[in-house]
Amino acid sequence: MKFEDLLLEIGGFGRFQILILFILCLPRINLPMHFLLHNFLAATPSHHCAIPQQDAFLNLTTEEVLLINIPRDPDGTFRSCEMFSQPQFQLLLNSSLQPANSSIIQHCQHGWVYDHSQFTSTIATQWDLVCEQRGLNQATATFFFIGVTMGAVVFGYLSDRFGRKAMLLLSLVCSVIFGMLSATSISYSMLAITRTLTGVALSGVSLIVLPLGMEWVDIQHRTFSGILTSIFWSIGNMLLATVAYLVREWHWLLVAVTAPCLLSIVCLWWVPESARWLIANGKVKQAHRHLIRCARMNGRKDFTISPERFSSFHLSQALRRMATDKKPGGSYSYISLFRTPVLRKISLCSGAVWFGVAFSYYGMSMNLSGFGLNMYLSQFVFGVIEIPAKMIMYILVNRFGRQQSQAWTLILTGLCIGANVIIPKSFTSLRSVVAITGKGFSEAAFTTVYLYTSELYPTVLRQNGMGYTSFVARLGGALAPLVFLLDEVWRSLPEVTYCCVAVCCGSAAFLLPETLNMRLPEGIEDLE
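Here we summarise the structure given alongside this text.

What counts and what doesn't
Residues numbered from 1 in each chain as written. Predicted model: local features only at pLDDT ≥ 70, side-chain atom pairs only at ≥ 80, totals over all residues. Heavy atoms only, no water. Helix = DSSP H or I, 4+ residues; strand = E, 2+ residues; numbered from the N terminus. Rg over C-alpha atoms; globule rule 2.2 N^0.38 Å. Contact = heavy atoms within 4.5 Å. Axes fitted to C-alpha atoms, helices over the stretch in contact; angles between N-to-C directions. Parallel < 35°, antiparallel > 145°, perpendicular 65-115°, else oblique. Left-handed = near helix turned anticlockwise from the far one by under 90°. Patch = residues over 30% accessible without salt bridge, like charges linked within 9 Å, V, L, I, M, F, W, Y side chains within 5 Å. Areas by Shrake-Rupley, 256 points an atom, 1.4 Å probe, with all protein chains shown as cover. Salt bridge = Lys/Arg side-chain N within 4 Å of Asp/Glu carboxyl O. Buried < 20%, exposed > 50% of the residue type's maximum accessible area, 1.4 Å probe, protein only. Core = buried A, V, L, I, M, F, W, Y, C linked by side-chain atoms within 4.5 Å. Domains from an automatic or database assignment. Phe/Tyr/Trp six-rings, centres within 6.5 Å; stacked < 30°, edge-to-face > 60°. Lys NZ or Arg CZ within 6 Å of the ring centre and 35° of its normal. Disulfide = S-S within 2.5 Å.

**Digging into the overall build of the chain**
- Across its full length, the chain carries 21 helices and four strands.
- Over its C-alpha trace the chain gives a radius of gyration of 26 Å, about what one expects of a compact globule, namely 24 Å for 528 residues.
- Taken along the three principal axes of its C-alpha coordinates, the chain extends 100 × 45 × 35 Å.
- Here the analysis covers contacts within the chain between residues at least 6 apart in sequence; of these, 80% occur between residues at least 24 apart.

**Concerning the packing of helix α6 (residues 134-162) against helix α8 (residues 188-214)**
- Close contact between α6 and α8 brings their axes to 6 Å; oriented N to C, the two are set at 40°. Between α6 and α8, the crossing angle belongs to the class labelled oblique. As for the relative orientation of α6 and α8, their crossing is right-handed in sense.

**Some words on a nonpolar patch on the surface**
- Side chains of L169, V173, I177 and L181 sit close together on the surface and give an oily, nonpolar patch of about 290 Å² of accessible area.
- Overall, I177 belongs to the partly exposed group, its relative accessible area being 44%.

**Points about the nonpolar core**
- With 122 residues, the main nonpolar core has F35, L168, Y362 and F446 as its most contacted residues.
- Considering each element in turn, this core owes the most residues, twelve residues, to α8.
- Looking at which domains feed residues into this core, each of domain 2 (276-325) and domain 3 (336-527) supplies at least three.
- In this structure, F57, L66, I70 and Y114 belong to the second largest nonpolar core, which totals 13 residues.

**Quick look at the pattern of salt bridges**
- Tallying each qualifying case throughout the model produces ten salt bridges.
- Here D487 makes a salt bridge to R134, at a shortest N to O gap of 3.4 Å. Taken together, the residues D487 in the loop between α19 (462-483) and α20 (493-508) and R134 in helix α6 connect sequence positions 353 residues apart.
- Residue class for D487 comes out partly exposed when judged on its relative accessible area of 31%.
- Within the structure, one salt-bridge network assembled from shared partners comprises D160, R164, E215 and R462.

**Side note on the packing of aromatic side chains**
- Taken as a whole, this structure holds 27 aromatic pairs when the rule is applied.
- Residues F338 and Y468 carry aromatic rings whose centres are separated by 5.4 Å and whose planes lie at 85° to one another, so their mutual orientation is edge-to-face. One end of the pair, F338, is in the loop between α14 (312-324) and α15 (341-365); the other, Y468, is in helix α19, with 130 residues separating them in the sequence.
- On the basis of relative accessibility, which here comes to 30%, the residue F338 falls in the partly exposed class.
- Since its relative accessible area comes to 15%, Y468 is described here as buried.
- Arranged with centres 6.1 Å apart and planes meeting at 85°, the rings of W354 and F446 form a pair that is edge-to-face. Here the residue W354 occupies a position in helix α15, and F446 occupies one in helix α18 (residues 428-456), the gap between them amounting to 92 residues.
- On the basis of relative accessible area, W354 is assigned to the buried category, the value being 1%.
- Following the ring pairs from residue to residue traces out a cluster consisting of F35, F144, F145, W233, W354, Y361, Y362, F446 and Y450.
- Above the ring of Y450, the side-chain terminus of R28 is found at 4.8 Å from the ring centroid.
- The ring centre of F162 lies 5.2 Å from the NZ or CZ of R161, which sits over that ring.

**Observations regarding the state of the cysteines**
- Tallied over the entire structure, the rule returns two disulfides.
- In this model C49 forms its disulfide with C108; the gap between the sulfur atoms is 1.8 Å. The chirality of the disulfide connecting C49 with C108 is left-handed, given an S-S dihedral of about -65°. With C49 in strand β1 (residues 47-49) and C108 in the loop between β3 (105-107) and β4 (112-114), this pair connects stretches of sequence that are 59 residues apart.

**Notes on the environment of P513**
- Here P513 is to be found in the loop between α20 and α21 (524-527).
- With relative accessibility at 35%, the residue P513 sits in the partly exposed group.
- Residues P513 and L97, spaced 416 residues apart in sequence, show a C-alpha to C-alpha distance of 66 Å.
- Sequence-distant contacts of P513, defined by excluding residues within four places in its chain, comprise I346, Y452 and L456.

Shown next as structure tokens:
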């Protein structure tokens with residue numbers, strides 16, 4: 001007997017499943033508010049070198065003070081990281097004549113002055129993470145995703161070993177603790193450590209929410225459930241733009257995006273453990289109790305007493321037969337993903353796809369200022385465009401299958417990124433349209449890969465598989481912000497890198513098996 005047969009008896013998509021999915025969508029909203037927080041937390045406003053001895057220039061305007069102390073680029077803008085060693089008063093007579101002697105130009109000696117019109121404070125202004133320290137500013141996102149990467153390994157194993165719900169609760173509690181500690185950081189080192197630990201904790205939320213919901217839903221509604229859950233990520237995207245617009249001080253911004261985890265912790269009380277996991281681990285009595293509750297909420301009250309349907313006794317016996325055919329969850333590990341031929345191929349190819357999806361998605365999401373729109377508007381529009389992309393994917397993955405949808409959405413993401421390398425900067429509107437289209441494809445690829453991966457792995461290894469692929473994805477997410485530093489080598493090198501990786505990794509999806517309308521595999525033998 002398969003678990004799907006039991007779902008048909010108790011209701012595979014009723015009030016019980018809707019309640020679970022709604023509650024699990026709450027922490028899903030919170031994820032992008034942290035995963036994309038770097039855009040606002042580490043934003044670098046306009047700045048220039050601090051000019052000493054301001055009293056000597058009381059008769060000059062602000063523009064004139066800058067003119068004689070700060071060198072300018074060919075386009076007329078003042079440089080952010082350099083200043084004259086001595087005031088160049090001759091520039092007041094002819095500002096177009098920039099000094100030819102480069103020896104009088106030096107790096108900032110007295111700190112920086114920042115434009116606070118858009119941000120009250122960010123970590124860049126707090127600790128002067130600009131110019132030579134620019135790498136540390138970008139590394140803040142990398143530290144966070146390193147934490148997410150480590151958390152994927154930890155929670156992937158623990159949720160298969162100790163259960164989905166317990167580990168989800170643990171990850172939410174830790175997210176609140178480390179998120180609030182981040183907001184109280186008194187040094188860059190403290191912030192880097194607490195953001196890394198926040199990433200570890202939130203990785204559990206990211207990893208467990210979708211499979212926990214999917215394991216309670218029947219085959220017919222599996223795609224709908226996956227798409228519905230992912231739409232709340234987009235809502236979180238839009239909420240991040242709104243919260244960041246209202247809260248311009250980085251300490252309080254961290255508090256604002258962390259606090260909603262408390263609501264998720266409270267609501268998790270009504271979410272049951274995965275019956276699939278309980279059965280796979282021989283916990284028949286608990287699975288029986290949750291299945292009876294599911295049947296009653298879904299209006300199948302005769303389920304336990306009707307002789308022609310499963311009785312409580314028959315149900316318990318059926319569950320025990322299912323459990324005896326399965327190895328205890330603790331007997332499996334990440335090594336099991338590579339022991340058999342089919343699983344090995346799935347693991348290698350899905351890992352490549354996840355890397356490409358995350359690398360290109362965060363590459364686009366963390367470049368809000370590169371498409372000619374206000375950064376708050378860009379964040380909001382990127383969230384809005386994701387919703388129709390997800391709805392279109394609901395149709396495509398059911399009509400053309402998971403494999404083709406996964407491959408082409410990721411390849412087209414790369415092509416859109418590559419197109420903006422060719423389109424001149426002066427074509428602002430066209431670049432914005434191409435970028436938004438690419439963002440739609442990128443989100444479609446992300447939506448598909450979550451659904452696709454949860455269907456590829458058997459129940460006894462599903463969280464291990466999700467943990468492994470999430471680990472690879474977070475490597476992509478950790479590297480994505482650092483790639484922006486390549487613009488010092490060639491201005492378009494970051495975009496070319498994102499493009500090539502997306503196209504190559506998208507092609508790997510063609511090697512994965514199709515899972516459309518297939519039963520979720522319970523054991524490794526179901527795949528092999």
